[in-house]
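In case you want the letters, here they are:
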Amino acid sequence: MKPAAVSSTAPEEETDDRPLPPGWRSYTSPEGQRYYVNSYSKETTWRRPSLSAEAPQRLLARHQSSPYANGRHSSTKTSQPTEIADVALRKPTTNKQINCVTFPLPGEGPEQQLLKPNEWSYCDYFWADKKDPQGTTSVAGFEVLLQKQLKGKQMQKEMAEFIHERIKIEEEYAKNLSKLSLSPLALQEEGTLGEAWTQLKKSLHDEAEVHLKFSNKLHTEVEKPLLTFRGDNFKKDLKKYDHHIADLRKQLASRYAGVEKARKALADRQKDLEVKTQQLEIKLSNKTEEDIKKARRKSTQAGDDLMRCVDLYNQTQCKWFEEMVTTSMELEKLEVERIEWIQQHLRQYTTLRHETDMFNQSMVEPVDQLLQNVDPSKDRELWVKENKTSEVRPVDMDI
């Protein structure tokens, strides 16, 4: 998206006291600037016409007030004026209205520049509305950003549920390990093998403690932060954003309706003036010159009304534009915070997991060592010494 650059040329001051050429009248714009209207040709210009004036020097329009205008906003907001007659009789060829928002036509006007080039920022890519998946209704670009935030909140909740299930598995595992460590099975095994077996059972108890501690840390250091980050107030804040931008869009639609109404009124007044002028010229009615002047005044007033409506529309669109930029960048910041928060706590999950594996390894190592030292001959010796009944062997009986 690349909005048009804006010219800043100002209208000339009124310094000439000579009478205006026939058909020309001077007026004052809502901003207090003087302009001139030709009642016959419908030409409008900032520059005071002279007797040799042929075409208007400049078209009327208000100065751009948006701080984002230079190279960043819609090409409809320029300091170059808009000719009243052309606006009334035909649609502009340099822009189009979509859902009451004004956009430049493709290939028309200066190339628009992104607000944050090379950053793929929210503030550059969500100005137009889009069709929903069924193609039945339009979804505002800002609504797409809000849905992204809500989806992120849901994903965060599901991640917390995943960690919760992992905690339940760890707790159940720890419980079963502890129970198994107390089993009396093979309790009477003796010797070096008995020592290794006893150590193996003890390692289960120690491992159960490690996994129970792991589950507790998962709850306090991962699950709980994921659940409590941006609580219930987050959705309320998003609704405030939504309502604020939606209200501005409604105001814009109202201003647009006012422009269309004023445009039609001007066309009607011009048509009435043309009919009366033709009737006077061909003597079809008793219209006087005063009637013609009255019709011209009404036509000029209608042109002023149209300019005023266009100005109000542009002011409203400017405000909407600025709020869109500010709010979309705020939503972008919130999304970055969400991702970084989740990244931080999932990394904590992997750290705890590595620690658990490390502790498990340290508990298995003594078992490995004892198993390596198992000596069947030594076990036999120990058992014999403890349980022997006599070292005297029987001999044959004498006859």
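This one's a predicted model, so the numbers in the text were calculated from it and none came from an experiment.

*Asks:* Go over the pairing of strand 5 (residues 101-104), please, and point to the residues and values.
*Replies:* The alternating pattern of strand 5 places Val101 and Phe103 on one face and Thr102 and Pro104 on the opposite face, and all of these are buried. Linking strand 4 (residues 95-98) back to strand 5 in an antiparallel pair, the connection comprises 2 residues, with asparagine 99 at a positive phi of about 50°.

*Asks:* Before we move on, could you go through the pairing of strand 4 and cite the residues and values that matter?
*Replies:* Where a strand is regular, its side chains alternate between the two sheet faces. Of the strand pairs in this sheet, strand 4 and strand 5 are connected by 4 bridges, and their pairing is antiparallel. Directly across from lysine 96, in strand 5, lies its bridge partner phenylalanine 103.

*Asks:* Could you give an account of unusual backbone geometry, naming the residues involved and the relevant values?
*Replies:* Although it is not a glycine, asparagine 99 sits at a positive phi angle of roughly 50°. Relative to the helices and strands, asparagine 99 resides in the loop between strand 4 and strand 5. Positive phi, normally seen in glycine, also occurs at tryptophan 120, with a value near 50°. Looking at the secondary structure, you find tryptophan 120 in the loop between strand 5 and helix 2 (122-125).

*Asks:* Summarise the pattern of salt bridges; cite the residues concerned and give the values.
*Replies:* Per the counting criterion, the structure on display carries 15 salt bridges. Two residues, arginine 249 and aspartate 129, come together in a salt bridge whose shortest N-O distance is 3.2 Å. Residue arginine 249 is found in helix 5 (residues 233-281), and its partner aspartate 129 is found in the loop between helix 2 and strand 6 (130-131); the two are separated by 120 residues along the sequence. A relative accessible area of 24% means that aspartate 129 is categorised as partly exposed. The partner of glutamate 335 in a salt bridge is arginine 338, and the shortest N-O contact between them spans 3.0 Å. Of this pair, glutamate 335 and arginine 338 both sit in helix 6 (residues 289-372), 3 residues apart, which is roughly one turn of the helix. The class for arginine 338 is buried, based on a relative accessible area of 10%. One continuous salt-bridge network, built from bridges that share partners, spans Lys116, Glu119 and Glu332.

Calculation criteria
Residues numbered from 1 in each chain as written. Predicted model: local features only at pLDDT ≥ 70, side-chain atom pairs only at ≥ 80, totals over all residues. Heavy atoms only, no water. Buried < 20%, exposed > 50% of the residue type's maximum accessible area, 1.4 Å probe, protein only. Helix = DSSP H or I, 4+ residues; strand = E, 2+ residues; numbered from the N terminus. Pairing = 2+ DSSP bridges. Salt bridge = Lys/Arg side-chain N within 4 Å of Asp/Glu carboxyl O.

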